[in-house]
Structures are given as C-alpha cells and as structure tokens.
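One-letter residues, chain by chain:
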Amino acid sequence: MEEGARSCLLQSRSSLEQDIRASYLMDHMISDGVLTGDEEDRIRSKPTRREQAAALLELLLRKDNQAYISFYNALIRESYGDLASLLHNSLPLVSPEAEKSFSDGGTRHVQAVLSEGGVPQRPVVFVSRPALVNRVREKLYHLQKEPGWVTVFGMAGSGKSVLAAESVRDHALITECFPGGVHWLSIGQLDRADLLVRIQSLCFRLEQQSQEKDPSSSLHRSPGSLEEAKERLRFLMLHRYPRSLLILDDIWDSSVLKAFDIQCRVLLTTRDRSLADCVSGSKSEVAVESGLEEDQALEILALYVNGKPQRLPEQARSIVRECKGSPLVVSLVGALLREFPDRWAYYLHTLQQKKFKRIRKSSSYDYDALDQAMAASIQVLSEEHRELYIDLTVLEKDVKVPAKVLSVLWDLEPEEVEDVFQDFVNKSLLFRDCHHRPYLYYLHDLQLDFLAEMNRSGLESLHTKVVRQYQQRYSQGPPTSGDEECLYWFRFLTYHMAKANLTQELYSLMFSLDWVRTKAQIMGPAHLINDYVEYGAILDKENSEVRGHFQEFLSLNGHQLEQRPFPDVVQLALSQPDSSEVYRQALLQAQERATRGGLYLDWVNKSSLKSLSRLVVQPHQGSIYSACFSHDGTKIASCGSSKTLRVFKSTSGEKLLEIQAHDDDVLCCAFSPDDHLLATCSSDRKVKVWNVERGTLLRVFEDEHEEQVNHCQFTNTHRRLLLATCSNDKFMNTKLWNINKPSSQNTMFGHLEPVNHCCFSPDDVYLSTSSSDGTLKVGGAYYNYGVVTDPSCCSQVFDVETAAMLLEIRTSRLSTVQYCHACPSSKLVAIALSHYAVELWDIETSKKMADCSGHLSWVHGVQFSPDGSLLLSCSDDQTVRVWETNKVHTSSAVCLKRDSDVLFNNGDITVVAADNRNRLQVRNGRTGAVMFQSEDQESRIRCTAICTQTSAVGLGREDGTIKVLEVPSGTSLATLQGHTRTVLHCQFTPEGDTLITSSEDTTIRVWRWRTGECVVLEGHKEQVRCFSLLTTSPSSETHLLSWSFDGTIKVWDMSSGERLQDLVCHQGAVLACDVSPDGQLFATTSADKTAKVWSSASWECVCLLNGHQDCVRSCRFSWDGRRLATGDDNGEIRLWNVKDGTLLKICSRENKDAMDSLHGGWVTDLHFSPDNTVLLSTGGYIKWWNVEKGEALQTFYPTGANLKRIHVSPDFSTFVTIDNIGILYILKKVE
C-alpha cells in the first residue's frame, strides 16, 4: 500500500474503529476479492463490534492499494460518507491490481472518476459479456445531449449490477457524455428514513468533491426531510454536476425512484421494468434475460479455483448446468469452492436437490442465501398476485405457455391473465417471448426451482388443481384447435396427472384410443410413445399388458401417423393382434361407425404374422444412409439424402435436434465418446463437427478431401479425441483430424480405390480401413481385422493377430451385403442386405440366429447399442427400425410371392402362390392353413392359376415349363413344354379343360392340358404379359384378347389360332386392358400416358383419354359399363364417362406421400363394387374411394409395399393380396 494511504488510515483509525460495522463492509471487500473467507471468520470471531473494526483495520494496513480502494468504496456503499471523506484525498491513483481491474477500456482517469463516484470495482473473478455491455453503452450515449433514464432490468442474480458498473468503465463514454463524473448509489429495499440517509450521504459526498475542486463553495447542513434532500440533490446535479451520470442500483419501489426524478441522467438497475413509468423524461431499457454461456461459466469457476477450464473436474459442467446460466449462482458456488476446493460433488448435489439455503452468502449480495433473493422478488407482489404466482410452480422447465393455459387454471379471461402476467414481467418474475402471437410466457429455471422448493408440500394439490380445471373447461372433449394452448394440454396433461398422483385419470386417458388418435394427429406419435415410456411404472400398476399394447401399436405405426393427410387410427389399430386392447377398442368403434356407413377392414389372418421391430421412425424424407446410437444408448442420430442430420430418443423417436447439415447427401454420422459432439461427412466433400446439445457447428474441414467423404468415426476413449474420415480420393483417402486444429493431423496411404469404411480398435491403438480395392488394412499392414463384408453375398471374420479367416458367412439369397456390425456384448454379427433384410449370425456356431424383416428397400446400415440389447437398421425406405436383440429370431413364416390366384367359393377362400423357397402353396384363406405345398421347383415359379372345376392348380416357370398339379395330393396331372422363355401369365378357362399361357417368347399357347394338345398364337413382337377372354355378341363367341409391349392388341380364335384382329393401339407399350361387362367395349392403357376405349364390334377407337402425367398402368370398367377408372405411375386415378370420354373425377391425395407418389407407388389394380359406388385401388397401399365424390373412404397400409394386384370377392366384402415382402392379407369388411 502506498505510504500516503497507509498514513491516512493510521490517522483516521480511531474514528473508523468507533463508527464502522466491519460485518457490513467485509461483504463488499470479499466481492472485490481483497478479503478471504478465512480472514472474515477471524474478524467475526472478535467479541465486540469495536474489536472487529480494529481487527479489520489492522488487516487492511497489511494489504495493498486495491484493498484501500475497496474499503473506501464499501464505506460509500454502506452510507459512511463522512468517514469515506477522511480517506478520499489519499486514494491511490494507480495500483497494479487496479490497472488490471480497469484494463478493458479503462484508464487512470476512468479509475479515478469511478473510485470517487463509489462505482464498485470489477469482481475478483470477472468474465465479460460484451453484447450486453455494448447495448447498455449504446443507450447511455443517448443521454449525451439531454437528461433521461436507462433501465437495466432482469431477474435476481442475473448480473445487473456488475453489468451497470462495467458499462461505465469506458474512457470515451465518460469524457464525451459524463465529464461531470459517475455517481453510484446502492438502494435496495428501503423505507423513507433509510432513503433519506442514502440521499444525505450522496449529497455530502458530492458537496465535498465540489469543495475540493472549488474551495469557495461551502458545505451545507444535511437536509432534514426527503423533500429537502430531493431539492438539494437536484441543485447539485444541475449546477455543480450538470453532465454527470447517477447510477441507482437495485431499485424496488416507484416511490423511491420518484425521489430521484430531478431532470438528471440516470442509469438504474431493477427487477421491475415498469418502475421508470412513474418518472418524467426520455426512457430506454436493456433486458438482462440471457445468462452466461457454458464456457463463460466454466471460466468463472476456473478463475475462482486458480485453474484452467479444461482441467476442471467432471462435476464442473454439471454444476454449470444446474446454475442455469445465473452469474450470481455461479459466483456463489465458485467462491465456496475457493474456500473448499474438494467439495465439487457436494455443491453439485446441493444444487441438484435445490437446497438453496446451503448456497450461503459469500459476496456483497444483499441476501444471506439464494432463496432469500428469490423470496424478496415475490414479496413485492400484491397478496392476490402472490397466490397466482405460486400456481406457476406447476409449469415444466423450458416450456413457454400462452395466457389461455392459465386462463383455464385461474378461470379468468385471457385478457385478465395478460394483465397479471404484465405485472410479473415488469418485476422480472416472468419472461415474455414477443416473437410469437399471441405472446408466450416462461419462467427462468432458477425461479422454477425456487418455487418448487418453496411449495414442495403443496405440489400435488397444485397439479390436481390444474387437472380439475382442465376437466371442467373441456368436459365435452379435448381442444382440437392446434394453437399453442391446445398443444400445451396435449403435451403436458399426462404430466400434471402423474404429478397429481391421479392414477385413475391417467389410466383412463392413456388407455384410450380416442386420446391416442387426437394427440397423434396434433402432436405426432413421438410424444405419445414418450408418455408410455415416462409413465410406464405408473401405468404398469394398473395393467402392464395393456400399456404394452398401446406402446407397441405406436412404436410400430409411428411412421404411418406422421403421414399427411392423417390416417384413420381405427383402421391402423385393426391390424393389431386380436388379443390387444388397442384392437378391441378399434373393433368396437369400427362396428359402430359401420352402422353409419363407415368402411373398415379387419385383417383376419394377421395372427400368423409377428412383428419383431420395437420402434419404427421416419426421421427424413429420403433414403437414410447412416444411423448410430449415442454411447449412453439414449439417443440415435441419422442422416441421408435429405441433407439433414437428426437426433431422436431411442425409446420413442421424439426429435431432439434437426440440422440442415450439408449441401449434398450426408453419408455418415458418428457420436464422440462423451456424446457431446456429432461428426458428419457428405458427398459435398466436407466433414463437420456439431455440438449435440445446442445444434451449433463447431468445425468444418472442407479443403483436404477432393471427393465424397464416405465414413467418419471418433476414437472410442476420452484419452485423446481424434476423428477418422475416409473418402473416394485416389491416394490420400484416409485422414485423422484433431477437432481443435484446422487441418488434418495425419494422412494414410495405401488404398488405390475409394475407402468405404474406417473404425478404431476398442483401445484406439489401431485404425482399420476397408476399400473397393478388395483389401482391409489395420495400422498400415495388409491383414484383415474383425468382420469384413464382401461385395457379393458373404461376410468374413478374421483373426487380427494371424490374419487367418475364422469364418465365412454366406447369406441364403443372391443379395449384396451392405454393412455389418459386431455386437459388443455377445458373439453376434448383424448383416445389412440389399434385399431389404437384416440377418443376425453367431460367429462361434456359424448359424443364422435371426431374420429382421420389415424394411421396404435396401438396408444401408446396422449398429448394436453399446450394451448389445438393441439393434438399429436404416434403409432407403426412409425409416430407422430398432430391434430387441434377444427377441428377434429366425422366422419360420414362409414368405409368398405376389403372383397369385384366389378362388372365392360359397364363403370359402383358396389362395395359391409361390413361396420364397420356390414351392407352390395352396392356403385356406379363412384359417391360413396350408392345404397343399409342392416340392421345390427346378426353375423359379412366375405365375399361378386355380381351376374352378377340378381340384387342380397350374404354375408357369422361368424355364418355359407349365405344370398342372392335383390338390391336395400333389400328383402331377400335366407337364406342358413349348414356351422357350419365362411364362408370365396362366389362366384356366371357366369350364376347366383349357389352360392359356403367355410368355416372354412373344407367343400365347392354348392347351388342352389333359391331352397336351396346343394351339400356338404367334404375331406379337414383344413379350405378352397378360390376356383376357372376350365374348362378343350377337354370336356369343369367346375369343382371346392379348396385349403386348409392342403397342398392339390382337384378337384370336382360340380353336384355330387365327388372328382375327390386329390393332396398333399406342405408341408405347400396352400396360393393361379391360373388357366391359357386356363385352361391347374394351379399354387399353399405355406407357405413352394415354388410355383408349375401343368398340369390339367395329374395332375402332371410341375415346382417347388424355390427362395422365405418367405411364397409365391400370384400368377397370364399372359393372354398369358407364364409367372407366384409370391409374398411373404417379399414383393418380381418373374416372371417365365412357359414353363421351369426359373426365368425371380425379381421385388423388392433395400432396405426394413419402414415396413421392399420390398412392405410395404405381396404381397397379382397380375394382368397382357391384353397385358402382365404391372404387378399390392398389399401389403402395390399398384405398377405397367414393365414386361420386372422388374422395377416399378408407386406406389400408400393408407392412410391405408395391402391391401388384388384389382379388375381390363377388360381394365386395373380402379382399386378398400379397405385398412385396411376402405377407398375405385377407381383409374382411367390418359389419
């Protein structure tokens, strides 16, 4: 300490010891960092006030200039103005610490001005908030020409005082705007007497400083009343300090503020933004809403404990998160840790338990603990508003609510709620998001924590009040407006019921298909699934089986519930097992709606199918190329052709993060070991690293890879974080990156073709790479490691040490192996295949353990969860599926091929189709039982037919052979040779003696199959995919109508083989043909995007039907012959008037679906009901349409897709089809 300052202290020692209260001053000095907690304790241990004062002064004499300045400022702030004047003349101008303290924009002049004005020094631990500081300075510059008010407002502990002090720590601001000085006055909660003392102290200080500058001026007696004090202050500020700034810190009451309404320049800090409304002059304000960023808060903690942020213990980040960005709480905890550096875990636990009373005062803050600071804010409310504010305890963190939600809770009009909220907002007890209309409101996490702690015993009753008020307001049903209030109730009603312990209400709500339908339509399925996961323990007490039914239904149909227009939930639920509560409720609703004309289909043979997926999510619109679990298993990240990165919960599919990540396809994504980071790589040749929690971009590597980057992978351990990437580059195709550096750390050579995959060994010692050159490298050596995929249909397992192949896994189908992954907890390997499947193999027994079927396109990736309990797969079908490893199994169900035939006979249903083992199966459509199964055929079966007159079935094969078998004995009745290429279609004539076949060899053959006699119909130049029987009048002769890819229609005499007509119909391939019920007309459709109607009498075109924008794939006449339906490859269906060719209706959805179609794919088949009022269509799914209106009546979503045809019973009540993954559907109308 400078000698002059020391001498002044010694001279004034007796006066200081006599008057000061050391406990008041030490808080400020601790905040300035010149006094430690131990020193405070030693001083407080003295028995009397005077002895404490003497001990403080004795300690002060051993300290430096900064301690002297801090002591001087503490005297001013605690209204010891007369004592501060004793020390004023000896204030040190500069000290090394003070120079450091004022280094940011401060000068010696600034230091002197602020010290004279009593402006607090920076805290010993200080982190800048430049955006807020600049905002305050910008407002202060507006006071340069005229008096006015700048209000800095924010909640308790948001750092308002430090911000106000920092904003005037600027040389240019003081010299240009406030050459008369800056004068600080701490206010707080005062009565009139205390306020008078504060103003008296300020006037004394101003007069004393004025006398020093102008000795001719005299000191006045202290003003005796508040009114006199106000006038004295007005005189001083207008005449002696005309261009000065008065800072009023911590104003609570408008009556206090009026005492300073003296036409001067004022900066005030407050929790109530509306206080300045009571004074005159120009006004501006700065809101302190945002807290500290995580890195700023970590820096503060590091400064308190004299460390570096990156070397803080693992609890540091958790403490920062619990502090919710509050500068006050971070500083309080930091100060405590400076005293007790081994208590990181203890203070974290204290914060987590919301024990705010234990976060004791250790600064100059005006309250002994954080809870008192919060309570003080609430106490200034009126009693009525205090009660309403306590009700806000029920809100969830980080949730913004509209006033209408509280209008339900408080039974007030929304406008009345807005008025109450305005009071809360003005007092910084509530925050308003003005970017939404209507406004949304929210509490800071600390405010919510405090309310929850304060009302711990009454929380249940508060939540009960919310539920009861909701039930009263919405007794007729939940809101469906879709506005913010509606969204709130659908998202949080279950939360309030659970918190209120209203278990019966929760059961009734969540075990209701009506609630599921409405919430899924408004919120999507992920929130619903999350509810069943989050409240599973409560629901299981009532009925765990039913909870499982609802959760399974949502998990497996969630991707359907994301579709728009929204699907019929009752129809979706009818596909659930008959034992499911979901199915039971759906069937009751379907039966009731059927009585009012509703159309619903029951999947009668669904019991033979067991779904193995645990969760199905559709996170992207487009192919998904990569998906991965986080290391804690709670999250899944996915990416693909949509150019986006998405993160969602692994339990429910609820979206946590979505980023437009790249300018091209995103090919891979990977979590860092701590799950804080995500890396992505893309066809745009860039590698990016993202912060998972905030969704912010941290690093872009874009200059080194010259071709698309195929794969990226972080190291597995925290020891040293590296990122490996591999690409299509010619030579430098594998790189290692340190994410803190702008360029790659290492580049690996060796592969001469694109490198498709890379991964680190578990200990991060080795990096393996696999390439299109057929090799895999480990650490630069040419030997194989782990599981390797072959571009054909096999995978190999190698020993790393010896490079010996331990196992070769050959899949049973001709399919490309896309990806494989080894389970971390067992000997299982998952293999992704191009034929839409995932297989699990045991590498010890070399046996396939499971088939995971359900994807509708190529599977690009598989990955086990870290504990091996789950397996995910991603596909071109735009879905990610999650499987339970111990529940999937090798399926015993036989998949059927789509080329089938069905016989409806007096209520019985017979289905004939080939299976995936190339056997012919005949099944009972009612029971699903196999009536007959042939031996494996030597050549692939391509078509089947049932003979209606005898117990015989026919099949056509790829080698051109036709066989007729007796059912159920399997006896071969005929083997017909003649076709030289694949038989595409076969059909028995009604009397059963004749079998007609068509082939890729361009011919049609008419067989007397019992004798082997054959008539060959030759003339087409392209393959003949189908034909139809045409009965013409008046002769009633039956001819054969055939069509071909050659664009022609031909009419044949089946007996002689004579070609009766040869019509060139279209410029493109003829794709479909249908004959009208009376045989007078037939229609053709073509790849040339047209359809035509022809007369079977004149053989001339009657109508040309234009309008389709894609290949016209199917057509069908109505039973009365008045309408023709046509369907195209874009999913559009058109209804035409046959008489004049006019367009009647277009049956299509408003928007394309996820398959970029109006029908999930091509429209492949069409059927009218007997009364011509309903039209049935197949494509990616099955739809029923109202013919008159052209509107959809119902949609059935199969598990697979790409339906080729559907068989319809004569009464239009039963429908049979097979999807592309081999599942048979027998659908029966619900009566």
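Residues numbered from 1 in each chain as written. Predicted model: local features only at pLDDT ≥ 70, side-chain atom pairs only at ≥ 80, totals over all residues. Heavy atoms only, no water.

## A few points about the overall build of the chain
The helix and strand tally for the chain stands at 32 helices and 66 strands. Across the 1231 residues that make up the chain, the buried fraction comes to 57%. In the chain, the share of contacts with a sequence separation of at least 24, taken over all contacts with a separation of at least 6, comes to 53%. Accessible area for the chain stands at about 50,900 Å²; split by element, carbon and sulfur atoms hold 46% of it. (Helix = DSSP H or I, 4+ residues; strand = E, 2+ residues; numbered from the N terminus. Buried < 20%, exposed > 50% of the residue type's maximum accessible area, 1.4 Å probe, protein only. Contact = heavy atoms within 4.5 Å. Areas by Shrake-Rupley, 256 points an atom, 1.4 Å probe, with all protein chains shown as cover.)

## Considerations on helix α7 (residues 81-88)
Most of α7 is tucked away: six of the eight residues are buried. Along its buried surface, α7 packs onto α1 (3-11), α2 (13-19), α6 (65-77), α9 (108-116) and α13 (192-213).

## What about the UniProt feature "repeat: WD" (unreviewed entry) in the chain?
In the UniProt entry, the feature "repeat: WD" (unreviewed entry) is given for residues 659-700, 748-778, 852-893, 976-1017, 1017-1062, 1063-1095 and 1105-1146. Secondary structure across residues 976-1017 comprises 0% helix and 55% strand; the distance between its end C-alpha atoms is 16 Å. Measuring from the first to the last C-alpha atom of residues 1105-1146 gives 13 Å, for a span that is 0% helix and 52% strand. (UniProt positions renumbered as here; feature names shortened; annotations may be inferred.)

## Considerations on empty space enclosed by the protein
Left-over empty space is what a probe sized like a water molecule reveals as it rolls over the atoms. Taken as a whole, this structure holds six cavities of 30 Å³ or more when the rule is applied. Lining the largest cavity are 13 residues; nearest its centre among them are Met-374, Ser-377, Tyr-389, Leu-429 and Gln-447. Tallied by class, residues from the lining of the largest cavity come to eight nonpolar, three polar and two charged. When grouped by side-chain class, the residues that make up the lining of the second largest cavity number four nonpolar, seven polar and one charged. (1 Å grid on protein atoms, 1.4 Å probe; cavity = no way out; pocket = protein on both sides within 12 Å on 5 of 7 lines; lining within 4 Å. Points joined across faces, edges and corners; volume = space filled by probe spheres on them. Nonpolar A, V, L, I, M, F, W, Y, C, P; charged D, E, K, R; others polar.)

## Some thoughts on the sheet that holds strand β37 (residues 908-915)
Here four strands make up an open sheet; going across it, the order is β36-β37-β38-β39 and the pairing antiparallel. This sheet does not close on itself; its edge strands, each paired only once, are β36 (896-905) and β39 (930-933). Pairwise comparison of adjacent strand axes, ignoring direction, gives a mean angle of 20° for this sheet. Bridging between strand β38 (residues 920-924) and β39 involves three bridges; their strand directions are antiparallel. Looking at the pairing, Val-922 lines up with Phe-932 of β39. (Pairing = 2+ DSSP bridges. Axes fitted to C-alpha atoms, helices over the stretch in contact; angles between N-to-C directions.)

## Here's the deal with helix α24 (residues 445-454)
The buried count for α24 comes to seven of ten residues, which makes it a mostly enclosed element. For α24, the full list of buried residues reads Asp-445, Leu-446, Gln-447, Leu-448, Asp-449, Phe-450 and Leu-451.

## Concerning the domain arrangement of the chain
In many reports, interface size means the accessible area that the parts give up when they come together. With domains assigned, the chain is organised as domain 1 (1-103), domain 2 (107-290) and domain 3 (614-808). Using only C-alpha atoms to locate each centre, domain 2 and domain 3 end up separated by 58 Å. (Domains from an automatic or database assignment.)

## Observations concerning a nonpolar patch on the surface
A cluster of nonpolar side chains, namely Phe-731, Met-732, Phe-749 and Leu-752, defines an oily patch on the protein surface of about 450 Å² accessible area. Residue placement: Leu-752 occurs in the loop between β22 (744-748) and β23 (755-760). (Patch = residues over 30% accessible without salt bridge, like charges linked within 9 Å, V, L, I, M, F, W, Y side chains within 5 Å. Salt bridge = Lys/Arg side-chain N within 4 Å of Asp/Glu carboxyl O.)

## Some words on the confidence of the model for the chain
For the chain, per-residue confidence averages 86 on the pLDDT scale, and 91% of positions sit at 70 or higher. In this model, residues 780-793 is a region of pLDDT below 50 whose contacts with residues beyond four sequence positions or in other chains number 54 contacts. (pLDDT = per-residue confidence, 0-100.)

## Some thoughts on the sheet that holds strand β55 (residues 1101-1105)
Spatially, the four strands line up as an open sheet ordered β52-β53-β54-β55, and their pairing is antiparallel. Looking along the sheet, the strands with just one partner apiece sit at the ends: β52 (1070-1075) and β55. Neighbour-to-neighbour, the strand axes of the sheet open up by a mean angle of 15°, direction not taken into account. Pairing geometry for strand β53 (residues 1081-1086) and strand β54 (residues 1091-1095), over five bridges, is antiparallel.

## Remarks on the packing of aromatic side chains
One pass over the structure, following the stated rule, counts 25 aromatic pairs. Ring geometry for Phe-490 and Trp-515: centres 5.0 Å apart, planes at 25°, overall stacked. Within this pair, whereas Phe-490 is found in helix α26 (residues 484-499), its partner Trp-515 is found in helix α28 (residues 513-523), the two being separated by 25 residues in sequence. No difference in accessibility class separates Phe-490 from Trp-515, as the two residues are buried. Their ring planes at 75° and their centres at 5.3 Å tell us that Trp-1184 and Phe-1215 sit as a pair that is edge-to-face. Within this pair, whereas Trp-1184 is found in strand β62 (residues 1182-1186), its partner Phe-1215 is found in strand β65 (residues 1214-1218), the two being separated by 31 residues in sequence. On the accessibility criterion, Trp-1184 (0% relative accessible area) is buried. Clustering of aromatic rings is evident, with ring pairs tying together Tyr-470, Tyr-474, Tyr-488, Trp-489, Phe-492 and Tyr-495. (Phe/Tyr/Trp six-rings, centres within 6.5 Å; stacked < 30°, edge-to-face > 60°.)

## Focus: the pairing of strand β16 (residues 677-682)
Burial of β16 is extensive: six of the six residues sit out of reach of the surface. The alternating pattern of β16 places Leu-677, Ala-679 and Cys-681 and Leu-678, Thr-680 and Ser-682 on opposite faces, both of which are buried. In sequence, strand β15 (residues 666-671) turns back onto β16 through a hairpin of five residues, with Asp-675 there showing a positive phi of about 65°. Bridging between β16 and strand β17 (residues 687-691) involves five bridges; their strand directions are antiparallel. Across the sheet, residue Thr-680 finds its bridge partner in β17, namely Lys-688.

## What to know about the packing of α28 against helix α32 (residues 581-594)
Two elements in contact, α28 and α32, have axes separated by 10 Å at closest approach and are oriented at 85°. As far as their axial angle goes, α32 and α28 are roughly perpendicular. Note on element contacts: α32 touches α28 through Val-582, Gln-585, Ala-586, Gln-589 and Arg-593, opposite Leu-513, Asp-514 and Arg-517. Looking at the contact of α28 with α32, its residues break down into three nonpolar, two polar and three charged. (Parallel < 35°, antiparallel > 145°, perpendicular 65-115°, else oblique.)

## As for the pattern of salt bridges
Opposite charge on two side chains allows them to pair when their charged atoms are near. Scanning all chains against the criterion turns up 50 salt bridges. Between Arg-957 and Asp-959 there is a salt bridge whose closest N-O contact spans 2.8 Å. Arg-957 sits in the buried class, given a relative accessible area of 5%. Residues joined in a network through salt bridges with shared partners are Arg-13, Glu-17, Glu-58 and Arg-62.

## Observations regarding the packing of helix α5 (residues 49-60) against α6
It is the contact of α5 with α6, at a shortest axis distance of 10 Å, that shows an interaxial angle of 145°. Between α5, through Leu-56, Leu-57 and Leu-60, and α6, the contact on the second element is made entirely by Ala-67, Tyr-68 and Phe-71.

## Quick look at the side chain of Ser-642
Note that Ser-642 resides in the loop between β12 (635-640) and β13 (644-649). At a separation of 2.7 Å, a polar atom in the side chain of Ser-642 contacts the side chain of Thr-644. Apart from residues lying up to four places away in sequence, Ser-642 is in contact with His-620, Gln-621 and Gln-660. (Polar contact = N/O pair within 3.5 Å; in protein donor to acceptor, adjacent residues only side chain to side chain.)

## Looking at the pairing of β55
Bridge count for β54 against β55 is four bridges, and the pairing is antiparallel. The partner of Ala-1091 across the bridge, within β55, is Leu-1105. The turn joining β54 and β55, which pair antiparallel and follow one another in sequence, is formed by five residues; a positive phi near 60° is taken by Trp-1099.

## Structural notes on the side chain of Ser-650
Mapped onto the fold, Ser-650 is located in the loop between β13 and β14 (655-660). The class for Ser-650 is buried, based on a relative accessible area of 4%. Only 2.8 Å separates the side chain of Ser-650 from the backbone oxygen of Gly-633, close enough to count as a polar contact. When sequence neighbours within four positions are dropped, the list of residues in contact with Ser-650 reads Leu-615, Phe-629, Gly-633, Thr-634, Lys-635 and Ile-636.

## Some words on the state of the cysteines
Covalent bonding between the sulfur atoms of two cysteines is what defines a disulfide. The tally for this structure, following the rule as stated, stands at zero disulfides. Free cysteine Cys-1073: the closest other cysteine sulfur is in Cys-1115, separated by 6.3 Å. Between Cys-1101, a free cysteine, and Cys-1103, which holds the nearest cysteine sulfur, the sulfur-to-sulfur gap is 7.0 Å. (Disulfide = S-S within 2.5 Å.)

## Brief notes about a negative patch on the surface
Judged by side-chain charge, Asp-411, Glu-413, Glu-415, Glu-416 and Asp-419 come together as a negatively charged surface patch. By the secondary structure assignment, Glu-413 is in the loop between α22 (403-410) and α23 (414-426). (Lys, Arg positive; Asp, Glu negative; His and termini not counted. Charge placed at Lys NZ, Arg CZ, Asp CG, Glu CD.)

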